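# Observations on chain architecture
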Amino acid sequence: MKVRQMVMIWVIVFTFLMDSCVTPQKEVRITDLLPGVSVSGASIVRPYDEITRIIEKESYYNLDVESKEKLENCFANYAKKDIPVEELQGKLKENFILARCFPQDRSAEYYSPEGYRLFLVNIDGMYGGVGIRMITSSKGAIIKAFIPGSPAEKDGTLRIDDEIRAVGEYGKPLRSVVGESSDQIALRIRGPVGTKVTLNIWRGGQEFGNVTLIRSKIDIRLVDHKTYDNNIGYLRIYSFEGNLVDDRISPILKEFRARGVDRIILDLRNNLGGSVKEAAKLIGLFIKEKNKPFLSLHLKEGKDSLKEFISTGRGEYADWRGVVLVNKNSASASEIVAGALQLEGFRLIGERTYGKGSAQSVTQLSNGGGFKLTIAIYYFANGRSPEGVGLTPDVEINNQSTPMAMAQDAQLDAAIHYLQGLD
């Protein structure tokens, strides 16, 4: 499949989501924002010059003339330096330079040509993974969730918050993943179904050892559901992906209603995000007013700098009472849903969320690499954004990172008790 197409990206990506391949020196637009948001690619040769122009044209963080000059000088000065390894602090040199020269955008990232090819590798259905959801750290990647039924979950050795510091094919030397993006690490973990991959794991600051898993075709299980006390529906959403609301969620909600459900628990714990469009669809099902703006995306100043989500009518389930369960790994699209529904009267129970209220895009550079940057910040109807701060629950209850594996789930119990007590 050729590139030059729009595909969706999450800042934190699953091992099974890559679905394109790259043709050298062609622009690829990848966003987790909205269809139609695009900016023409750079045409100059030097990567740092291209990055400067991309920042100037696309970045949510506008640069005035003085700031642009400082950025260019910073890139030029650092690009000529031989930066000591200890000063890189586990990051690629280019991303170290970005962090020093463009600190406004914590999501800005450079992909080397190799990393960008890995990021866009074609998988044609013959590759598998181990079912890990993760975020990057200065020392590699941190496991934040497991895909239900995956090799990683079934094996039982790995834990939430374990660090992956090296990856290798079984029987071959491990290769450090320090400094690589989550996309690059995910693609190193992926491979043909039935083959083995070894992960070097650190736990609690100490080396735990190597864990070898057999790759399998990942069952993209997006939702689980059940009922409590006949009138309380429980819906766990693992990620916002594909045509999630129409294909998966709406049928479940209709089934709930047929059973007499009028109260809902949306479990977004360890949900790292996904499609803003699908998040907005879900919110719309519970909005109480017609023509109500419930989410806005603020892009770079100028034409089309503001995009609003407005309810087309009263939501089909607007009369339901609800709770949203969240934790520190609820991010991006999950925070959009949780924050918007909180304003609609849903109660948030759990832990403060991750704090990602922004959308990014990735553009290919002329050297075959790529550059990711923030192009928008989203805001709720009350003018607030979770970017950098997260959402504060109405009821804060700390739970271990894998609540679904617990015999007693204090957060879920609190949600059920709250809904049972409503008139």
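Note that the coordinates shown come from a computational prediction; the quantities given were computed from them, not determined experimentally. Counting starts from 1 at the beginning of each chain's written sequence and moves along it residue by residue. Per-residue local features of the predicted model are confined to residues with pLDDT of at least 70, and side-chain atom pairs are confined, for both listing and counting, to 80 or more; whole-chain, interface and lining totals are unaffected and use all residues. Side-chain figures throughout are based on the complete set of non-hydrogen atoms in the structure, without hydrogens or water.

### Notes on the nonpolar core
- In this text, buried Ala, Val, Leu, Ile, Met, Phe, Trp, Tyr and Cys residues form a nonpolar core when linked through side-chain atoms within 4.5 Å. To sort residues, take the accessible area from a 1.4 Å probe on protein chains only and compare it with the maximum for the residue type: under 20% means buried, over 50% means exposed, and anything in between is partly exposed. Core analysis: the biggest nonpolar cluster contains 66 residues, and Leu253 and Phe286 have the highest contact counts within it.
- Contact partners of leucine 253, with chain neighbours within four places excluded, come to Leu235, Ile264, Leu285, Phe286, Tyr317 and Trp320.
- Of all hydrophobic cores here, the second largest spans 20 residues; its members include Ile160, Ile185, Ala186 and Ile189. Any two residues whose heavy atoms approach within 4.5 Å are treated as being in contact.

### Details of the sheet that holds strand β14 (residues 263-267)
- Across the sheet, which stays open at both edges, the 6 strands sit in the order β12-β13-β14-β17-β18-β21 with mixed pairing between neighbours. Every interior strand has two partners, whereas the edge strands, β12 (223-228) and β21 (395-396), have only one.
- At least two bridges found by DSSP between two strands is the condition for calling them paired. Strands here mean DSSP runs of E at least two residues long; helices mean DSSP runs of H or I at least four residues long; both are numbered from the N terminus. Two strands pair when backbone bridges link them, and strand β17 (residues 321-326) and strand β18 (residues 347-350) are joined in this way by 4 bridges, in the parallel orientation. Looking across to β18, one finds that valine 323 is bridged to arginine 347.
- Each axis is a line fitted through C-alpha atoms, taken for helices only over the stretch in contact, and angles between the N-to-C directions span 0 to 180 degrees. Running over the sheet, helix α8 (residues 244-258) touches β12, β13 (232-237) and β14 and is turned about 10 degrees from β12.
- Docked against the sheet, helix α10 (residues 333-343) engages β14, β17 and β18, running at close to 145 degrees with respect to β17.

### Details of the environment of glycine 129
- Secondary-structure assignment places glycine 129 in the loop between β4 (127-128) and β5 (132-137).
- What makes glycine 129 buried here is its relative accessible area of 0%.
- Glycine 129 sits 86 residues away from arginine 215 along the chain, and the two C-alpha atoms are 4.8 Å apart.

### Quick notes on the pattern of salt bridges
- Salt bridge, as used here: a side-chain nitrogen of Lys or Arg that lies within 4 Å of a carboxyl oxygen of Asp or Glu. A complete count under the given rule lists 20 salt bridges for this structure.
- Residues lysine 68 and glutamate 72 are paired through a salt bridge, measuring 4.0 Å at the closest nitrogen-oxygen approach. Of this pair, lysine 68 and glutamate 72 both sit in helix α2 (residues 65-79), 4 residues apart, which is roughly one turn of that helix.
- Overall, lysine 68 belongs to the partly exposed group, its relative accessible area being 25%.
- Put simply, arginine 215 and glutamate 169 hold a salt bridge, and the shortest N to O gap is 2.9 Å. Of this pair, arginine 215 sits in the loop between β11 (206-214) and β12 while glutamate 169 sits in strand β7 (residues 163-169), and the two are 46 residues apart along the sequence.
- The class for glutamate 169 is partly exposed, based on a relative accessible area of 33%.
- Residues joined in a network through salt bridges with shared partners are Arg236, Asp267, Arg269 and Asp409.

Worth remembering: the numbers are spatial, not functional.
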